[in-house]
Amino acid sequence: MSSFSNPSLSQVDLWIISRLKKEIAVPLTIMSLEYAEEKKINQKSARKILEKRLKALIEQGIVEKLKTYPVTYRLKRLPINSLLPSSKNLRLNGSFDLSLNNHNSQTLEKSANPKQKFQELRKAGLRIITLANKYRQKALLTTQYKTSIYPGTREHEDIAFLYQENIKEWNKSVMVFESDEEEFMLTRVSTRFNDKKRVFMKVVKDSKALESAFKKYKNAIMITLTVPHIFPLTVPLKENGKVIGIIPLQDSIITQLKALMMAWIRKNWKGRDIKTFTAYEYHGDYVLHIHILVFGIPYLIDWKRKYGSKKEDALSYYSKSYNIPLPPSLRERLKTGELSVKDKETISKYIFTGLLDRWLIRVLTRFGSLLKMNLLDAYLDYKVKERLQGPINHIFRIKGGSKNGKWKGRPPKDAIIQYSSGAAYRKVISPKQYVLKYVLKMAYSIAQGLPIEKEEQGKVYGYWLFGKRFNSYSPSLLPKKDKVVRVPYWHFVGVFPELDIPDFIVDNILLDFT
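Throughout, residues of each chain are indexed from 1 in the direction in which the sequence is written. The predicted origin of the model limits local features to residues at a pLDDT of at least 70 and limits the giving and counting of side-chain atom pairs to 80 or more, whereas totals for whole chains, interfaces and linings rest on all residues. For the side-chain quantities, the full set of heavy atoms in the structure was used; hydrogens and water were omitted.

The subject of this paragraph is the overall build of the protein. Numbered from the N terminus, helices here are DSSP runs of H or I no shorter than four residues, and strands are runs of E no shorter than two. What the protein contains, in helices and strands, is 17 helices and 19 strands. Looking at the protein as a whole, 49% of its 514 residues qualify as buried. The Shrake-Rupley method, run with a 1.4 Å probe sphere, supplies the accessible areas, and residue values consider only the shown protein chains as cover. Put simply, the protein shows about 27200 Å² of open surface, and 52% of that area lies on carbon and sulfur atoms. The buried label applies to any residue whose accessible area, calculated with a 1.4 Å probe on protein chains only, is under 20% of its type's maximum; exposed applies above 50%, and partly exposed to all values in between.

Structure below.
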């Protein structure tokens with residue numbers, strides 16, 4: 001029997017939900033037989049009872065009838081009362097305890113001091129989500145140990161439902177701040193997911209940073225990084241039987257891969273003024289990939305620099321020192337030095353993929369040891385199966401300066417839009433538009449009040465689910481402003497339903513911006 005209660009659900013409803021939770025889909029004949037045996041009634045009566053309640057659950061959007069024979073049903077989403085904790089705490093960041101709903105997750109290595117454990121894991125490069133509101137808590141729980149979540153699955157339906165419920169609560173809630181004089185200020189709850197002004201200001205700020213960078217630097221490259229979709233989206237971190245945090249593992253892996261890559265680039269281009277802009281993007285299955293714009297360098301590898309004790313050119317040094325496999329034709333031209341610019345770019349791609357492979361192995365070894373998971377073996381097996389040299393990556397050159405951010409050479413495939421109305425033609429999206437495409441999608445969706453297409457939902461919900469910003473960049477890319485001295489005055493109290501603000505606050509409101 002289900003462990004949750006809901007006054008709007010009957011005992012039959014709870015039985016149906018509990019039964020459907022055990023499998024992807026269950027035929028009505030099987031449910032009728034099991035219900036009849038359990039309640040000691042005949043199967044015909046059991047079927048009538050179940051059919052009546054299944055119809056009601058379908059109307060509520062909880063159960064879905066499949067177009068199959070025999071008649072089969074599946075659980076579309078859990079009722080909200082079962083999805084949300086019983087706590088009525090409406091603060092943006094609540095305690096992270098999912099233990100009552102988390103019976104199948106493994107317990108990680110325990111420690112007497114959780115904070116010390118967090119520090120150890122974070123120092124190793126693992127990100128830990130320790131604060132999440134009640135909606136994100138439940139949504140994160142659905143992602144544990146899953147490598148991806150596709151639209152149409154129950155997990156996605158639950159995440160989509162919780163996202164919408166969270167937006168509804170934000171829209172009918174207020175944030176309360178208290179002054180040193182014990183007076184209160186009220187404002188609407190404003191987030192990048194429900195406030196069109198806030199998200200548009202984000203677009204403007206990011207656009208200014210990119211425009212500033214393209215004007216200042218004549219050269220830039222864009223590197224797209226992804227890792228194999230074989231690692232869990234999240235891993236729960238438990239202490240004394242309670243979930244005290246969630247580790248977004250894919251996020252942590254790709255972030256560490258980027259850090260090692262940037263350290264290598266800065267070392268190779270020592271003395272250069274290098275700045276970066278990173279766009280974080282999710283695929284429709286909630287899997288993260290990143291686009292890194294590196295300003296101040298024309299190529300990935302400095303071909304003019306000499307490496308090693310023998311002072312070899314970069315391509316020869318790396319291909320030999322790291323045993324990077326090259327096609328015979330390229331290896332022969334590398335020996336003779338008869339390399340075209342295209343040859344150099346191709347060889348540097350091989351070298352870079354080989355280096356990414358080494359860095360990823362280092363990251364997986366460290367994370368696997370800490371989490372007691374076989375991450376490295378899974379990756380090595382995947383490489384053999386898919387015949388890969390290393391993580392998938394793409395490199396594109398960009399012209400800055402007077403060109404103000406244009407692709408140099410071939411752009412990414414998805415930056416080219418084909419049109420066909422009367423006469424066929426195409427449009428190439430600029431680098432700036434390319435890295436801002438998801439935050440723009442979010443902005444227009446909020447502004448127009450339009451729902452996000454189902455296939456695109458994971459690309460947007462991922463930011464909310466994993467608490468990930470749209471992008472990050474070197475602060476110096478923004479135009480300088482005069483420093484404003486801010487005096488701490490207002491202190492955050494919490495978030496409350498608009499119609500349920502405590503009396504002690506209502507009686508002492510000084511400013512109301514709702």
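Here the focus is helix α1 (residues 11-20). Of all ten residues in α1, nine are buried, a share of seventy percent or more. The set of residues buried in α1 consists of Val12, Asp13, Leu14, Trp15, Ile16, Ile17, Ser18, Arg19 and Leu20. It only takes one pair of heavy atoms within 4.5 Å for two residues to be counted as in contact. The elements touched by buried residues of α1 are β1 (26-27), α2 (28-39), α3 (43-59), β2 (63-66), β3 (72-75) and α7 (154-171).

In short, DSSP must find at least two bridges between two strands for them to pair. Across the sheet, three strands lie side by side as β1-β3-β2; this open sheet has antiparallel pairing. Each having just a single partner strand, β1 and β2 make up the two edges of the open sheet. In terms of strand pairing, β2 meets β3 through four bridges, oriented antiparallel. Looking at the pairing, Lys65 lines up with Tyr73 of β3. Its contacts with the sheet put α1 on β1, β2 and β3, and the angle it makes with β3 is roughly 85 degrees. All axes are obtained by fitting lines to C-alpha atoms, using only the stretch in contact for helices, and the reported angles, taken between N-to-C directions, cover 0 to 180 degrees. Relative to β2, α3 is tilted by about 110 degrees, and along the sheet it contacts β2 and β3.

Attention shifts here to the confidence of the model for the protein. A residue's pLDDT is simply how confident the predictor is in it, with values from 0 to 100. Averaged over all residues, the pLDDT of the protein is 82; the fraction at 70 or higher stands at 88%. Confidence drops under pLDDT 50 across residues 1-7; counting only partners more than four residues distant or on other chains, this segment forms 15 contacts. When the criterion is pLDDT under 50, residues 85-110 qualifies, and its contacts beyond four places in sequence or with other chains add up to 72 contacts.

Turning to unusual backbone geometry, a few remarks are in order. Of note, the bond from Tyr69 into Pro70 is cis; its omega dihedral lies within 30 degrees of zero at 0 degrees. The residue Pro70 is located in the loop between β2 and β3 in this model. In this model, Lys311 sits at a positive phi of 50 degrees, which is unusual for a non-glycine residue. With respect to the helices and strands, Lys311 occurs in the loop between β11 (306-307) and β12 (312-313). If you check the backbone angles, Lys372 has positive phi at about 60 degrees while not being a glycine. As for its position among the elements, Lys372 is in the loop between α12 (341-371) and α13 (375-386). Overall, the relative accessible area of 59% leaves Lys372 in the exposed class.

Glancing now at the packing of aromatic side chains. Pairing of aromatic side chains requires ring centres within 6.5 Å, counting the rings of Phe and Tyr and the six-membered ring of Trp. Pairs whose planes differ by under 30 degrees are stacked, by over 60 edge-to-face, and all others tilted. Evaluation of the coordinates by the stated rule reveals 20 aromatic pairs. Geometrically, the ring pair formed by Tyr163 and Phe193 is edge-to-face, given 6.2 Å between the ring centres and 85 degrees between the ring planes. In this pair, Tyr163 is assigned in helix α7 and Phe193 in the loop between β5 (184-188) and α8 (196-216), connecting sequence segments 30 residues apart. Aromatic pair Phe277 and Tyr473: ring centres 5.1 Å apart, planes at 0 degrees, arrangement stacked. Taken together, the residues Phe277 in strand β9 (residues 275-282) and Tyr473 in strand β17 (residues 471-473) connect sequence positions 196 residues apart. Take Tyr473: its relative accessible area is 17%, and that puts it in the buried class. Among the aromatic side chains, those forming a connected cluster through ring pairs are Trp264, Tyr307, Tyr317, Tyr318, Phe352 and Trp359. The side chain of Arg192 reaches across the aromatic face of Phe470, ending 4.8 Å from its centre. In this structure, Lys468 is placed above the aromatic ring of Tyr280, and the distance from its NZ or CZ to the ring centre is 4.5 Å. In this scheme, Lys NZ or Arg CZ marks a charge over a ring once it lies within 6 Å of the ring centre and within 35 degrees of the ring normal.

Ile265, Phe295 and Trp464 are the most contacted members of the largest nonpolar core, which totals 115 residues. In terms of residue count, α12 provides more of this core than any other element does, twelve residues in total. When neighbours within four sequence positions are excluded, Trp464 is seen to be in contact with Tyr135, Arg136, Ala139, Ile159, Leu162, Tyr163, Asn166, Trp170 and Phe193. To qualify as a nonpolar core, a set must consist of buried Ala, Val, Leu, Ile, Met, Phe, Trp, Tyr and Cys residues joined through side-chain atoms within 4.5 Å. Counting 21 residues, the second largest nonpolar core, distinct from the first, contains Leu14, Tyr35, Leu50 and Val63.

For the rest of this paragraph, the subject is the sheet that holds strand β18 (residues 491-497). Taken together, four strands build an open sheet; the order of strands is β18-β4-β5-β19 and the sheet is mixed. One side of each edge strand has no neighbouring strand; the edge strands of this open sheet are β18 and β19 (509-513). Pairwise comparison of adjacent strand axes, ignoring direction, gives a mean angle of 20 degrees for this sheet. Alignment of strand β4 (residues 173-178) against β18, held across six bridges, turns out to be antiparallel. Note that in β18 the partner of Met175 across the bridge is Val495.

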